[in-house]
Amino acid sequence: RLIASRATVEETETETRSAASISGLTSDVKTVFDVETIQKILPHRYPFALVDKVVEYEAGKRAVGVKCVTFNEPQFTGHFPDRPIMPGVMQIEALAQLAGVVCLQMEGAEPGAVFFFAGVDGVKWKKPVVPGDTLVMEVEITAWKAKFGIAKATGRAYVDGALAVEVKEMTFALAK
């Protein structure tokens, strides 16, 4: 049962904002790659496509992407039924897919190719990611050896400006 004090109700009434003003908070964030473009780059499909859009992109270097977390995703039926939390490994996978958006457009790789995880080190989770959250992810490619198809990257993801997960190093191998 929710109980609100009169002061809380009065504070809320004075802070009321419209949907348009809230939506406008991200008006200066432009989509670089939409989901259709991402699907031309990555081989992942529902229910395992975890990057909804890319909003910053520096070819061969870095990207910022967005994953909108919704309750109707299949993992929430079991993780956990009474307290749905996005599994940490799926957060790492989302970061890996964002790194794939960068790597699969680099010299020596082809869009739609498959990158395999070869390692992940230094993972720290800072807060739960739950349905309704917008996971804003950033990856930086730290090494790319085109001859061998090996990439290394770092990554971080945020919810409402707070760090949710960070990865010191991810290693990927391009399937040849």
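Further up the page is the structure itself.
This section reports on the structure supplied with the text. Note that the coordinates shown come from a computational prediction; the quantities given were computed from them, not determined experimentally. (Residues numbered from 1 in each chain as written. Predicted model: local features only at pLDDT ≥ 70, side-chain atom pairs only at ≥ 80, totals over all residues. Heavy atoms only, no water.)

### Observations regarding the overall build of the protein chain
Of regular secondary structure, the protein chain possesses 4 helices and 6 strands. Along the chain direction, N to C, the helices and strands of the protein chain fall in the order α-α-α-β-β-α-β-β-β-β. For the protein chain, the spread of C-alpha atoms along the three principal axes comes to 65 × 35 × 25 Å. Per-residue burial for the protein chain yields a buried fraction of 36% across its 176 residues. The contacts in the protein chain between residues at least 6 apart in sequence include a share of 66% that link residues at least 24 apart. Accessible area for the protein chain stands at about 10500 Å²; split by element, carbon and sulfur atoms hold 56% of it. (Helix = DSSP H or I, 4+ residues; strand = E, 2+ residues; numbered from the N terminus. Buried < 20%, exposed > 50% of the residue type's maximum accessible area, 1.4 Å probe, protein only. Contact = heavy atoms within 4.5 Å. Areas by Shrake-Rupley, 256 points an atom, 1.4 Å probe, with all protein chains shown as cover.)

### Structural notes on the pattern of salt bridges
Between side chains of opposite charge, a pair can form as their charged atoms come close. Under the counting rule described, the total for this entry stands at 7 salt bridges. With a shortest N-O distance of 3.1 Å, Arg62 and Glu58 are connected by a salt bridge. Taking relative accessible area as the criterion, Arg62 reaches 19% and is therefore assigned buried. By sharing partners, the salt bridges in this structure join Glu56, Glu58, Arg62 and Glu138 into a single network. (Salt bridge = Lys/Arg side-chain N within 4 Å of Asp/Glu carboxyl O.)

### Brief notes about the packing of aromatic side chains
Within the structure shown, the criterion is met by 4 aromatic pairs. Grouped by ring-pair contacts, the aromatic residues Phe115, Phe117, Trp144 and Phe172 constitute a single cluster. (Phe/Tyr/Trp six-rings, centres within 6.5 Å; stacked < 30°, edge-to-face > 60°.)

### A closer look at helix α4 (residues 88-103)
Between its first and last C-alpha atoms α4 spans 23 Å; for 16 residues at 1.5 Å apiece the expected length is 22 Å, and the two agree. Counting buried positions along α4 yields 15 of 16 residues, so the element is predominantly enclosed. (Expected span 1.5 Å × (residues − 1).)

### Observations regarding the sheet that holds strand β6 (residues 162-174)
Here 6 strands make up an open sheet; going across it, the order is β1-β2-β4-β5-β6-β3 and the pairing antiparallel. Two strands in the sheet have a free side with no partner beyond their single neighbour: β1 (53-58) and β3 (115-125). The sheet shows a mean angle of 20° between the axes of neighbouring strands, direction not considered. Bridge count for strand β4 (residues 134-145) against strand β5 (residues 150-159) is 9 bridges, and the pairing is antiparallel. By the bridge assignment, Ile141 is partnered in β5 with Ala153. Strands in contact with α4 are β1, β2 (62-68), β3, β4, β5 and β6; relative to β4, the strand with the most contacts, it is inclined by about 55°. (Pairing = 2+ DSSP bridges. Axes fitted to C-alpha atoms, helices over the stretch in contact; angles between N-to-C directions.)

### Brief notes about the environment of Val136
Secondary-structure assignment places Val136 in strand β4. Once the C-alpha coordinates of Val136 and Ala175 are considered, the two residues, 39 residues apart in sequence, prove to be 28 Å apart. Every residue in contact with Val136, bar those within four places of it in the chain, is listed here: Val64, Gly65, Arg156, Ala157 and Tyr158.

### Describing the side chain of Gln91
Of note, Gln91 is situated in helix α4. Polar side-chain contacts of Gln91 include one of 3.5 Å to the side chain of Trp125. The contact partners of Gln91, leaving out residues within four places of it in the chain, are Met86, Trp125, Val129, Leu135, Ala164 and Val165. (Polar contact = N/O pair within 3.5 Å; in protein donor to acceptor, adjacent residues only side chain to side chain.)

### Here's the deal with the pairing of β4
As defined by bridge partners, β2 adjoins β4 across 7 bridges and the pair is classed as antiparallel. Along β4, the bridge assignment pairs Val66 with Val136. Between β4 and β5, which follow one another and run antiparallel, lie 4 residues, and Gly149 among them has a positive phi close to 70°.

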